[in-house]
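Below, each chain spelled out in residue letters.
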Amino acid sequence: MRVERSRGRRALRRSLIGLALAVLFAAGPSAGAGDATVHPALWPARPPAAPSPDTEAFVSALLARMSLEEKIGQMIQADIASITPADLRTYKLGAVLAGGGAAPGGEVRTTPAAWLDLADALYRAELENASTAHTPIPLLFGIDAVHGNAKIVGATVFPHNIGLGAAHDVELIERIGAATAQEVAVTGIDWTFAPTVAVARDVRWGRSYESYSDDPQLVAAYAAAMVHGLQGERARGTFMSPGHTLSSVKHFLGDGGTEDGRDQGDNRASEATLMRVHDAGYPPAIDAGALIVMASFSGWQGVKMHANPDLLTTILKGRLGFDGFIVGDWNAHEEIPGCTKFSCPEAIRAGLDMFMAPDSWRRIYANTLAQVRAGEIPEARIDDAVRRILRVKALAGLFTRAAPKARPGAGDFAVLGSAAHREIARRAVRESLVLLKNAGGVLPLSPRAHLLVAGVAADRIDRQAGGWTIDWQGDHNSNADFPGGTSIYAALRAAVTAAGGTVTLSPEGSFRRRPDAAIVVFGEAPYAEFEGDRETLVYGVHDRASIALLRTLHARGIPTVSVFLSGRPLWVNPELNASDAFVAAWLPGTEGGGIADVLLARPDGSPRFDFDGRLSFPWPATGMPVTYDEADATSGALFPRGYGLSYAHAGEVAALSEDPRLAGDRGDASTLFQSAHVTAPWSAFIADGLASVRLTDASQASPEGTVTVTHAGADLAVRWNGSGTGVFWIGGRPVDLRSAVAHMAIAARLEVTLPASRPVWAGPRCASGSQAEESGCGRHGEGLLEVSQLLAAVAPGHAATLTLPLACFRRSGAALASVAGPFELRTAGALGLRLTDVRFVAAAAAGCHPGIRVDK
């Protein structure tokens, strides 16, 4: 096996930079963070599970016969988009995963059989050319089946966790876990990246729908139930029996409590809150048999979780008695100061047992091997990590389990989307619905009436399913991707026509025959982590059409029912006022029939099913999130946790204020950065010749140290050291700027603190891929504007505004149809800037007229 080794001046420079950054950041937590001291004695002590003598003896004997190369291999998980069966014949890795956009052959809409074929091929390749010195070690294969095996076309897609939280039904959760495991197992995969036990406390977070509740007690109860459902139970003799998968509880620790709800950000809660609120799901999950815990991208009090030995080792493995293994998140180790996605001994030393290195596995393998040989990572730490991984594989029965295609039930694809599983999902939808308003008892609706079904999401299963469906963000799907699924409109049509009524579908709300009532289905478009972060909770900022439709129907005296699809509670006071009835339906998945079950009456007018759902989060009274004190008392709620009307217990909702009460221009969609804060869902990134990294700390450096960024009061100080090309940019999901070319510009308010020593380029950042390359928009400034002379006009200590009309970039060849971010700065020289504000503004004149205005 060829091992890559660091060599030459560049490797030495990286080592020195890493050391310097480690010293810099070791001085204390990031600016704004508090005390990161952990007091182990305050945490509950849980004795580890009684070891199995036979298992421990088997693991010890196996470990003693493994080479160092084999041990390091076990500590790495690669993504199927970057590894092949041929690779596994050489590199004996511990695990693979199918990331958000990964699939067999790169085709996310491939067949279940292709998934099984790949799982089998990877498994068999791992065992080929294996060492003859010991028992061959099987491969683990993990997948994000977070609401059913939703990456597979035709699978049952259950409601996302936030909806399940509203159901308050522990037994239902276990049944969903069992059904999910069965649908995963038929494809040959043996590890499910669930449950998420985050206790979300700021629902601007783009992963809030993965949280069951802001109530730690409900999360704790659900954590154990989902682990039992996925894995089975030892006490019942069902643990990892056919049709079950390993779980992994995530994300340890505090991912639901980051500042401003920013994904991968910093949790600044007190240690008491961290323990009482954010740790609530882990002890019951471990007691239920969880053997894998995923570390969080986020940090606590300025220390990244992947680099926190106090929490990973002292608390999780010590006080909580966890004897399984800790896996990282997607290249999350690269956010540790001094680390890159290719090298991070700090994470292993802190207690991480397995790197999730999707596209970086070769180099992190080589570097970790070299670091152990150089004494940077103690061999005892390696042995502990590998012992834990082998223990999990042994306890899960992987050493005696057949190859994926030969396992009981493998290939029985009738299990995917089976009638039994869809019925569980339909029940889950019914139980999750929360009735917020029902003025005059407009619900339930008669199935013999003439109903108008309107709204952008009325006949859109993709809008019901949300993110983590087929692909990562879930935003490129159509009804054709959900064979066997039912849209809300289709479910209503079937029930109404069966009872003798009629239904008209009109997304825009038009009709010829006046309806007896209208059902308007609208809500958030699909999203997943960090792309779903929001600056405020005002729903209408992103959807003007729905409130206009509701007001039109209301003005015409048509009884109107709103069915609101969302991954979190949002400020919808105008929509509530314009609706006679309002149902929070969350992200219900493929079984729209559960909504028709509750909205429609029996032929005699009595309810078929009542509203059983109750809010598992408080509903906000303003455009900003509810807040919590140390005693968990909330302020700022319109409806408290536990609220929910029913047919049996009605209630009235008075007219609500339509002022979201936002401070300043918060929520202004034109703003990219202000007051030392990147506006959600945008993020800031820095990059150099080695790799890029997302900014999630108050102080951060690019992988080679070429660019450093620190918060300086209300500004962001960005400094290039001149050692190579460095980039700073604000971006996120690809955006189409073509419609804004004629009339918009990018304006950056800044101060030059170090004059540029080489040319500086600015403008929108190119999206990756062939489209960008063909347009001439590439890695070296093509498609950008050279702004060195403009910046030279700014004397040190003076503020100025740099204005870049978008028309300039159309002329320079930028691929404006899909840019990775609206604003980029790039130079290979030295440069220092303080950024105060970046936003879209109206262009002062037609055409390309970049300029800079210096404050007097």
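Here, every reference points to the structure presented above.
Overview of the structure. (Residues numbered from 1 in each chain as written. Predicted model: local features only at pLDDT ≥ 70, side-chain atom pairs only at ≥ 80, totals over all residues. Heavy atoms only, no water.)

Another aspect to go through is the overall build of the chain. Counting secondary structure elements, the chain contains 23 helices and 36 strands. Its C-alpha atoms give the chain a radius of gyration of 27 Å, near enough to 29 Å, the size a compact globule of 856 residues would have. Overall, the chain is about 80 × 80 × 50 Å in size when its C-alpha atoms are taken along their principal axes. Among the 856 residues that make up the chain, the fraction classed as buried is 62%. Of the contacts made within the chain by residues no fewer than 6 positions apart, 79% connect residues no fewer than 24 positions apart. Accessible surface for the chain amounts to roughly 29700 Å². Of this, 53% is attributable to carbon and sulfur atoms. Placing the 79 positive and 88 negative side-chain charges of the chain at their respective mean positions leaves the two points 3 Å apart. (Helix = DSSP H or I, 4+ residues; strand = E, 2+ residues; numbered from the N terminus. Rg over C-alpha atoms; globule rule 2.2 N^0.38 Å. Buried < 20%, exposed > 50% of the residue type's maximum accessible area, 1.4 Å probe, protein only. Contact = heavy atoms within 4.5 Å. Areas by Shrake-Rupley, 256 points an atom, 1.4 Å probe, with all protein chains shown as cover. Lys, Arg positive; Asp, Glu negative; His and termini not counted. Charge placed at Lys NZ, Arg CZ, Asp CG, Glu CD.)

In this model, helix H14 (residues 379–395) (17 residues) spans 24 Å end to end at C-alpha, consistent with the 24 Å of a helix rising 1.5 Å per residue. Here H14 has its buried residues at Arg381, Ile382, Ala385, Val386, Arg388, Ile389, Leu390, Arg391, Val392 and Lys393. Positive phi shows up at Gly397, right after H14, with a value of about 80°. (Expected span 1.5 Å × (residues − 1).)

With an omega of 5°, the peptide bond running from Ala194 to Pro195 counts as cis. Residue position: Pro195 is located in the loop between strand E4 (191–192) and helix H8 (216–231). Cis geometry marks the peptide bond from Lys250 to His251, where omega comes out at -5°. For His251, the position within the fold is in strand E5 (residues 249–252).

Look at helix H2 (residues 53–64) against H14: their axes get within 9 Å of each other, and the N-to-C directions meet at 130°. In terms of axis orientation, H2 runs oblique to H14. In this structure, H2 crosses over H14, and the sense of that crossing is right-handed. Mapping the contact onto sequence places Thr55, Glu56, Phe58, Val59, Ser60, Leu62 and Leu63 in H2 and Asp383, Val386, Arg387, Leu390, Arg391, Ala394 and Leu395 in H14. Classifying every residue of the contact of H2 with H14 by side-chain character gives 8 nonpolar, 2 polar and 4 charged. (Axes fitted to C-alpha atoms, helices over the stretch in contact; angles between N-to-C directions. Parallel < 35°, antiparallel > 145°, perpendicular 65-115°, else oblique. Left-handed = near helix turned anticlockwise from the far one by under 90°. Nonpolar A, V, L, I, M, F, W, Y, C, P; charged D, E, K, R; others polar.)

Moving on, we get to the pattern of salt bridges. Where side chains of opposite charge bring their charged atoms close, a pairing between them can arise. Taken as a whole, this structure holds 48 salt bridges when the rule is applied. The salt bridge involving Glu591 is made with Arg422; its shortest N-O contact spans 2.6 Å. Linking Glu591 in the loop between strand E17 (581–586) and helix H20 (593–599) with Arg422 in helix H15 (residues 419–432), this pair joins segments that are 169 residues apart in sequence. With respect to class, Glu591 is no different from Arg422; both count as buried. One salt bridge in this structure joins Glu423 and Arg430, with 3.7 Å as the shortest N-O distance. With relative accessibility at 40%, the residue Glu423 sits in the partly exposed group. The buried category is assigned to Arg430, whose relative accessible area is 13%. Salt bridges here are not isolated pairs; linked through shared partners, they connect Asp169, Glu171, Arg175, Arg427 and Glu431. (Salt bridge = Lys/Arg side-chain N within 4 Å of Asp/Glu carboxyl O.)

Strand order in the open sheet formed by 6 strands is E12-E17-E16-E15-E13-E14, and the pairing between neighbours is mixed. A strand with exactly one partner marks an edge of an open sheet, and here the two such strands are strand E12 (434–438) and strand E14 (502–506). The average undirected angle you get between the axes of adjacent strands in this sheet is 20°. Across the sheet, helix H17 (residues 488–499) touches strand E13 (450–454), E14, strand E15 (517–523) and strand E16 (560–565), and the angle it forms with E14 is around 160°. Here helix H18 (residues 544–555) sits on the sheet in contact with E13, E15 and E16, set at roughly 170° to E15. (Pairing = 2+ DSSP bridges.)

Take the side chain of His160 next. The topology assignment puts His160 in the loop between strand E3 (140–143) and helix H6 (161–167). For His160, a relative accessible area of 1% gives the class buried. Setting aside residues up to four positions removed in sequence, His160 forms contacts with Val146, His147, Tyr209, Ala465, Gly466, Gly467, Trp468 and Leu587.

It is worth spelling out the sheet that holds strand E6 (residues 266–267) at this point. Within the open sheet, the 3 strands sit side by side as E6-E8-E9. Their pairing is mixed. Because the sheet does not close on itself, it has two edges, and the strands there are E6 and strand E9 (303–304). Pairing of E6 with strand E8 (residues 299–300), which is carried by 2 bridges, proceeds in the parallel orientation. Bridge pairing in E8 places Asp266 opposite Gly299.

Compared with an ideal rise of 1.5 Å per residue, which puts 12 residues at 16 Å, H2 spans 16 Å between its outermost C-alpha atoms and is within 8% of the ideal. Residues Thr55, Glu56, Val59, Leu62 and Leu63 constitute the buried set of H2. Buried residues along H2 cover an arc of 130° about the axis, so they all sit on one side. The outward face of H2, more than 90 degrees from its buried face, is lined by the exposed residues Pro53, Asp54 and Ala64. Against helix H3 (68–74) and H14 lie the buried residues of H2. (Arc of directions from axis to C-beta.)

On to the nonpolar core, then. Ranked by size, the top nonpolar core spans 124 residues in total, and within it Trp191 and Leu311 carry the most contacts. Among the elements that line this core, the one with the most residues is H8, at 9 residues. Formed by 75 residues, the second largest nonpolar core is a distinct cluster that contains Ile488, Val496, Leu600 and Leu645. (Core = buried A, V, L, I, M, F, W, Y, C linked by side-chain atoms within 4.5 Å.)

Attention shifts here to the environment of Lys341. Relative to the elements of secondary structure, Lys341 occurs in the loop between strand E10 (325–327) and helix H12 (345–350). Expressed as a C-alpha distance, the spacing of Lys341 and Trp361, which sit 20 residues apart in the sequence, is 8.8 Å. Beyond its immediate stretch of four places on either side in the chain, Lys341 contacts Asn331, His333, Glu334, Asp359, Ser360, Ile364 and Ala691. At 3.1 Å, the side chain of Lys341 forms a polar contact with the side chain of Asp359. (Polar contact = N/O pair within 3.5 Å; in protein donor to acceptor, adjacent residues only side chain to side chain.)

Let us now look at the pairing of E3. Neither face of E3 is exposed, since Leu140 and Gly142 on one face and Phe141 and Ile143 on the opposite face are all buried. Across 4 bridges, strand E2 (residues 95–98) lies against E3 in parallel orientation. Paired with Ala98 across the two strands is Ile143, which belongs to E3. Tracing the backbone out of E2, into helix H5 (residues 112–127) and back to the parallel element E3 gives a crossover that is right-handed. Pairing analysis gives 2 bridges linking E3 to E4, with the strands arranged parallel. Within E4, the position partnered with Gly142 by the bridge is Trp191. (Right-handed = clockwise from strand over helix to strand, strands pointing away.)

Here we take up the state of the cysteines. Going through the model one piece at a time under the given rule, you end up with 2 disulfides. The disulfide partner of Cys339 is Cys344, and the S-S distance across this bridge is 2.2 Å. Handedness of the Cys339-Cys344 disulfide follows from its S-S torsion of about 65°: it is right-handed. Taken individually, Cys339 and Cys344 each receive the classification buried, so the pair is uniform in this respect. Each disulfide pairs two cysteine sulfurs, and for Cys808 the partner residue is Cys848, the sulfurs being separated by 2.0 Å. Measuring the twist about the S-S bond at about 105°, one finds the Cys808-Cys848 disulfide to be right-handed. Taken together, the residues Cys808 in helix H23 (residues 806–812) and Cys848 in the loop between strand E35 (830–842) and strand E36 (851–854) connect sequence positions 40 residues apart. By relative accessible area, Cys848 is classed as buried at 19%. (Disulfide = S-S within 2.5 Å.)

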